[in-house]
Amino acid sequence: MNLHEYQAKALFAAYNIPTPKGKMINGMTQLSAALEEVASERWVVKAQIHAGARGKAGGVKLVDSKEEAKEVAEKMLGSSLATVQTAGKALPIHSLLIEETLAIQDELYLSLVVDRITKTYTFVLSASGGMDIEAVAEATPEKIFSVHVDLAVGLMPYQVREVAFALGLKGTAFKQLMTVMKGLYQLALDKDISLLEINPLIVTEDNNLVALDAKINIDSNALYRQSELVQMRDASQEDEREAKAADNQLNYIALEGDIGCMVNGAGLAMATMDLIQLNGGNPANFLDVGGGATPERVAEAFKLILSSSEVKSILVNIFGGIVRCDLIAEGIIQAVKEVGLTIPVVVRLEGTNVELGKEILANSDVSIITADGLADAAQKVVEVAKTGVTS
Ligand code: GDP
Ligand code: MN
């Protein structure tokens, strides 16, 4: 789950990480009070969307007067913004962050990620912040520094000193890096953060470190114990279908192909997609309906799959371990009727009461193609996607 910049900065402030003075608004009536509260000569008006690279796309504007702030805010609020990070879509702007401007000396880059290879939380820092960090890593890898934090020991002061030297920090800013990195590390641990990025982390003209931008990604698997963060979710920023799937405890990811897949278990779903490819087909989605595939969830899953107009056939591949195959068969029939399906559906069932399940499908009045084994199912579904023949 992603947070907005203003939410991330509120968390930063709670962990002693310096941020610019700022105020979030979600309506024009709040603007003048916000400008008063954030006393400054000039302000920055920042569109709050779940994506970066807003600056280049016109979502971060410096304004010199209250009149200009009003003009800019009026244009931004209620509109939408596409950046190079939004995959061709525009995200709605429902809120703005009004901030004081600061005099920038240097723009640094700082991030903290879960590093699965070293099994540590890893800080990545660079003196070349504010720009595309991937480009910096490619062209000048020597400008990137990594700090691996051993979870058993925690962040050691010498690690911070080393990187502060490498970044060329001095005086106050040098000392502040300790506060910033310690705070971020504790914040990441407390809030189950999988990725955190400050780009730029600035050195001001009076040599203070300030987090000018803030991006936080929370590990969704930990949301059950992060009720405070769950309140911060903004579904308007998420892929509609993926958000709907999450609401129904389905794992759904849209893909480019034309064969819809409904599978229980992520591993089986991956194998199913592989076999479809192997037979010359292309999966339209990844969909894991989970262990307890109830008729209601199967129906929701069908609706999700059909929300993509590209889908020409559907493969249902369910292993009835916890749920019995006869119940799944009834769920499929019910769902097919409810949704009013017109494209061919191939079903492969395996597990408890499989014979009974197949019998129920065969005797039903909906046209379903049954398959024996995964290879057979994949072959059949690719075939009917091409021919459109339902029996
Ligand atoms: P992003 O484009 O979505 O990553 O948005 P950022 O929050 O990083 O802002 C983009 C750029 O706006 C920054 O890299 C800065 O150069 C500039 N900017 C933001 N706030 C200020 C400020 O207070 N003063 C100045 N001079 N520039 C700012
Ligand atoms: Mn940024």
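Residues numbered from 1 in each chain as written. Chains lettered and ligands numbered in written order. Predicted model: local features only at pLDDT ≥ 70, side-chain atom pairs only at ≥ 80, totals over all residues. Heavy atoms only, no water.

This next bit is on the site of ligand 1. For ligand 1, the set of nearby residues contains 16 residues, the closest of which are Lys46, Arg54, Gly55, Glu107 and Asp213. A distance of 3.2 Å separates an oxygen atom of ligand 1 from a polar atom in the backbone of alanine 53. With respect to ligand 1, the side chain of aspartate 213 contributes an N or O atom lying 3.0 Å from an oxygen atom. Here ligand 1 loses 80% of its free accessible area of 570 Å² to cover by the protein chains. Put simply, the parts of the chain that give the shell around ligand 1 at least two residues each are strand E2 (43-47), strand E7 (104-115) and strand E10 (193-204). The residue makeup of the shell around ligand 1, split by class, is 7 nonpolar, 4 polar and 5 charged. Shared between two domains, the shell around ligand 1 holds at least three residues of each, these being domain 1 (1-19 + 103-236) and domain 2 (21-101). (Near = heavy atom within 4 Å. Polar contact = N/O pair within 3.5 Å; in protein donor to acceptor, adjacent residues only side chain to side chain. Areas by Shrake-Rupley, 256 points an atom, 1.4 Å probe, with all protein chains shown as cover. Helix = DSSP H or I, 4+ residues; strand = E, 2+ residues; numbered from the N terminus. Nonpolar A, V, L, I, M, F, W, Y, C, P; charged D, E, K, R; others polar. Domains from an automatic or database assignment.)

Our next topic: helix H12 (residues 354-363). Given 3.6 residues per helical turn, the α-helix brings residues three or four places apart onto the same face. Looking only at H12, the buried set comprises Val354, Gly357 and Leu361. In an axial view of H12, the angular spread of the buried residues amounts to 60 degrees, which keeps them on one side of the axis. H12 presents Glu355, Ala362 and Asn363 as exposed residues on the side facing more than 90 degrees away from its buried surface. (Buried < 20%, exposed > 50% of the residue type's maximum accessible area, 1.4 Å probe, protein only. Arc of directions from axis to C-beta.)

For the rest of this paragraph, the subject is the packing of helix H5 (residues 157-166) against helix H6 (residues 171-191). In contact at an axis separation of 9 Å, H5 and H6 are set at 130 degrees when each is read in the N-to-C sense. Accordingly, the angle class assigned to the pair H5 and H6 is oblique. As for how H5 packs across H6, the hand of that crossing is right-handed. Here Pro157, Val160, Arg161, Val163, Ala164 and Phe165 of H5 come into contact with H6, specifically with Phe174, Leu177, Met178 and Met181. For the contact of H5 with H6, the class distribution of residues is 9 nonpolar, no polar and 1 charged. (Axes fitted to C-alpha atoms, helices over the stretch in contact; angles between N-to-C directions. Parallel < 35°, antiparallel > 145°, perpendicular 65-115°, else oblique. Left-handed = near helix turned anticlockwise from the far one by under 90°. Contact = heavy atoms within 4.5 Å.)

In contact at an axis separation of 8 Å, helix H10 (residues 295-306) and helix H11 (residues 325-339) are set at 45 degrees when each is read in the N-to-C sense. One finds that H10 runs oblique with respect to H11. Seen along the crossing, H10 lies across H11 with a hand that is right-handed. Between H10 and H11, the contacting residues are Pro295, Val298, Ala299, Phe302, Lys303 and Leu306 on the first element and Gly331, Ile332, Gln334, Ala335, Val336, Glu338 and Val339 on the second. Considered class by class, the residues forming the contact of H10 with H11 number 9 nonpolar, 2 polar and 2 charged.

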